[in-house]
Amino acid sequence: MRGWTKVDNTDYKQCKSYPPLFCVPVKAGHTLPSVIQFRSKGRIPALSWLNNSGAILIRSAQPRTGILQKNCKEDEQFLEFVQTLSRNRNGKDLPFMIFDARSKIAARGNQMKGKGMENVANYKNTKLNFLDMANIHAIRESFEKITTMCNAPSNSKWETRMEQSQWLLHVQSVVRGAYFVSQHLVAGGAALVHCSDGWDRTSQLTSLSLLLVDPYYRTYSGFQVLVEREWLSFGHRFHDRLGLAHPSQRSPIFLLFLDAVHQILIQYPDVFEFTQEYLVVLCDLFSSGWTTTFLRNCPQERSSADRLQLWDVLDAMRSQLTNDRYYLNTEPVKPRVSLRHMVLWREYFLRFDWWRETLAEDRQGPVVWVPDHDVQNCHLCHEKFSALKLRRKHHCRSCGNIFCGNCASKRICIPLKNYTTPVLVCDKCHQEHTTSP
């Protein structure tokens with residue numbers, strides 16, 4: 001990688017949430033102290049990917065411009081060095097593109113907090129594009145609505161509730177944004193991607209755009225490299241997004257990315273070496289906390305043993321999760337990005353439907369418990385669960401659904417299900433069992 005150098009971050013003094021080693025332009029070495037101060041959380045522009053045609057993808061956090069629109073000469077020089085490296089490869093004078101995942105209104109709001117967006121008038125031959133992607137709170141609310149809808153016993157107003165959840169709209173925004181980034185890379189251009197702190201929407205965009213551009217990342221091992229680098233190494237806050245630090249920080253950002261991958265996979269089923277089932281397994285490993293890989297926020301908190309555990313599980317299942325129809329296609333993938341081409345990920349959200357249908361037909365069969373992480377509202381009163389003891393989750397031993405303590409407070413024996421001692425059931429099942437002849 002001529003023109004690039006590695007930054008030693010093994011002591012994590014350069015950036016606490018970055019990997020031990022990352023790459024920057026050789027000529028940018030003297031600018032690093034100032035750029036670190038100028039970029040939020042010290043997350044300076046770092047190399048994600050490049051190729052021989054001059055395409056370069058870097059990622060960072062937002063600049064700290066503030067309401068006074070402060071600038072940083074060193075930051076401007078840094079990005080100019082990246083442009084020069086791209087131009088020296090392909091001889092093209094393409095504009096340098098900054099893809100800001102946020103809306104312009106959100107970026108201006110961050111200015112009030114001393115952060116904000118680049119003033120492109122200070123950057124040579126540079127354009128700024130806002131991609132209008134939602135923040136973690138909107139994604140969390142949308143996910144709660146879509147899971148509640150998919151777990152509801154009734155199909156009434158299905159289309160209306162789907163639209164109200166806005167989940168497919170959020171999926172589309174990720175696919176569309178990644179497509180815009182990928183098209184600039186295919187043309188041989190250089191681009192910077194960032195959101196606010198550069199660890200949520202930024203990871204979605206960089207990883208998905210590279211999936212579109214580079215066929216290596218569509219292979220079984222290549223996808224693992226992509227997740228390892230763009231999510232784990234560059235500090236996506238898995239611990240926080242699982243709600244382990246505080247419920248307000250919980251948000252399925254990684255799951256949204258995997259849904260976006262699913263959308264592209266079903267459009268181009270033969271160019272991926274892995275299957276939809278692979279993505280579902282990865283979702284489960286993420287949301288269940290079964291592997292410690294997804295219980296840390298950044299490399300500084302994660303040991304080498306943590307990383308190996310996740311990939312060992314997936315490698316052991318490789319024969320089951322490999323796509324038999326796969327063939328190597330070196331051309332960039334161009335997904336259809338309109339909302340009408342986004343579909344509900346049934347293999348994930350509706351995978352327990354057949355169990356529910358079977359149980360509805362045979363109430364005397366085995367009880368299949370709905371997974372805790374799939375439900376955010378009581379199945380009967382629809383009140384939202386909380387992390388506090390005021391409204392906890394309780395499984396009904398008769399139907400397997402999840403209820404609050406108010407709707408599941410009675411205990412009965414259910415001999416037909418091999419419960420010979422009293423067990424907890426919901427009010428509805430209690431009424432059915434006690435009134436049936």
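Below: a short report on this structure.

Some words on the pattern of salt bridges
Then, number 1: All told, the structure shown has 17 salt bridges when counted by the stated rule.
Then, number 2: One salt bridge connects Arg229 with Glu230, and the closest N-O pair in it is separated by 2.8 Å.
Then, number 3: Given a relative accessible area of 0%, Glu230 falls into the buried group.
Then, number 4: In this structure, Lys410 and Asp427 form a salt bridge, with 3.5 Å as the shortest nitrogen-oxygen distance. Remark: Asp427 occurs in helix α16 (residues 427–435) and Lys410 occurs in strand β10 (residues 410–414); sequence separation between them is 17 residues.
Then, number 5: For Lys410, a relative accessible area of 33% gives the class partly exposed.
Then, number 6: Through salt bridges with shared partners, a single ionic network connects Arg39, Asp75 and Glu118.

A short note on the nonpolar core
Then, number 1: Among the nonpolar cores identified, the biggest contains 79 residues, and Trp167, Leu208, Phe223, Phe254, Tyr278, Leu314 and Phe349 are the most heavily contacted of them.
Then, number 2: Core analysis: the second largest hydrophobic core is formed by 28 residues, Trp4, Tyr18, Val24 and Leu192 among them.

As for the packing of helix α8 (residues 220–233) against helix α11 (residues 276–288)
Then, number 1: One can describe the packing of α8 onto α11 by two numbers: an axis separation of 13 Å at closest approach and a directional angle of 35 degrees. For the pair α8 and α11, the sense of crossing is right-handed. Across the interface between the two elements, Tyr220, Phe223 and Gln224 of α8 pack against Tyr278, Leu279 and Leu282 of α11.
Then, number 2: Across the contact of α8 with α11, the residue classes break down as five nonpolar, one polar and no charged.

Here we look at the pairing of strand β6 (residues 126–130)
Then, number 1: When strand β5 (residues 96–100) meets β6, the two strands line up parallel, connected through five bridges. In the sheet register, Met97 faces β6, and the bridge partner there is Lys127.
Then, number 2: Handedness of the β5-helix α3 (residues 104–111)-β6 crossover: right-handed.

Notes on the sheet that holds β6
Then, number 1: Pairing in this open sheet of five strands is mixed, and the strands run β3-β4-β7-β5-β6 from one edge to the other. The sheet terminates laterally at β3 (46–50) and β6, the two strands that pair on one side only. Recorded for the sheet is a direction-independent mean angle of 20 degrees between the axes of neighbouring strands.
Then, number 2: Across four bridges, the pairing between β3 and strand β4 (residues 56–59) is antiparallel. Looking at the pairing, Ala46 lines up with Arg59 of β4.
Then, number 3: Across the face of the sheet, helix α2 (residues 73–90) comes into contact with β4, β5, β6 and β7 (190–194) while running at roughly 160 degrees to β4.
Then, number 4: Contacts from helix α7 (residues 201–213) reach β3, β4 and β7, with the element oriented near 165 degrees to β4.

Points about the environment of Asp132
Then, number 1: Along the chain, Asp132 falls in the loop between β6 and α4 (136–151).
Then, number 2: In this structure the C-alpha to C-alpha distance between Asp132 and Ser103, which are 29 residues apart in sequence, comes to 4.0 Å.
Then, number 3: Filtering out sequence-adjacent residues up to four positions away, Asp132 remains in contact with Ala101, Arg102, Ser103 and Lys104.

Side note on the environment of Met162
Then, number 1: Inspection of the secondary structure puts Met162 in helix α5 (residues 158–165).
Then, number 2: Beyond its immediate stretch of four places on either side in the chain, Met162 contacts Ile146, Met149, Leu168 and Leu344.

Regarding α3
In an α-helix there are 3.6 residues to a turn, and that puts residues three or four apart on one side.
Then, number 1: Taken together, the buried positions of α3 are occupied by Ala107, Asn110 and Gln111. End-on, the buried residues of α3 take up no more than an arc of 115 degrees, which puts them together on one face.
Then, number 2: Where α3 is buried, its residues contact β5 and β6.

Quick notes on empty space enclosed by the protein
Then, number 1: Inspection of every chain in the model, using the stated rule, returns five cavities of 30 Å³ or more.
Then, number 2: Here the largest cavity defines a volume of roughly 120 Å³.
Then, number 3: Residue lining of the largest cavity: 14 residues in total, with Thr148, Asn151, Asn377, Cys378 and His379 positioned closest to the centre.
Then, number 4: Its residues placed into classes, the lining of the largest cavity shows six nonpolar, seven polar and one charged.
Then, number 5: By volume, the second largest cavity is sized at about 80 Å³.
Then, number 6: What lines the second largest cavity is simply Gln83, Ser86, Arg87, Asn90, Lys92, Asp93, Leu94, Pro95, Phe96, Gly188, Gly189 and Ala190.
Then, number 7: Looking at the lining of the second largest cavity element by element, the count peaks at four residues for α2.

Quick notes on the rules
Residues numbered from 1 in each chain as written. Predicted model: local features only at pLDDT ≥ 70, side-chain atom pairs only at ≥ 80, totals over all residues. Heavy atoms only, no water. Salt bridge = Lys/Arg side-chain N within 4 Å of Asp/Glu carboxyl O. Buried < 20%, exposed > 50% of the residue type's maximum accessible area, 1.4 Å probe, protein only. Helix = DSSP H or I, 4+ residues; strand = E, 2+ residues; numbered from the N terminus. Core = buried A, V, L, I, M, F, W, Y, C linked by side-chain atoms within 4.5 Å. Axes fitted to C-alpha atoms, helices over the stretch in contact; angles between N-to-C directions. Left-handed = near helix turned anticlockwise from the far one by under 90°. Contact = heavy atoms within 4.5 Å. Nonpolar A, V, L, I, M, F, W, Y, C, P; charged D, E, K, R; others polar. Pairing = 2+ DSSP bridges. Right-handed = clockwise from strand over helix to strand, strands pointing away. Arc of directions from axis to C-beta. 1 Å grid on protein atoms, 1.4 Å probe; cavity = no way out; pocket = protein on both sides within 12 Å on 5 of 7 lines; lining within 4 Å. Points joined across faces, edges and corners; volume = space filled by probe spheres on them.

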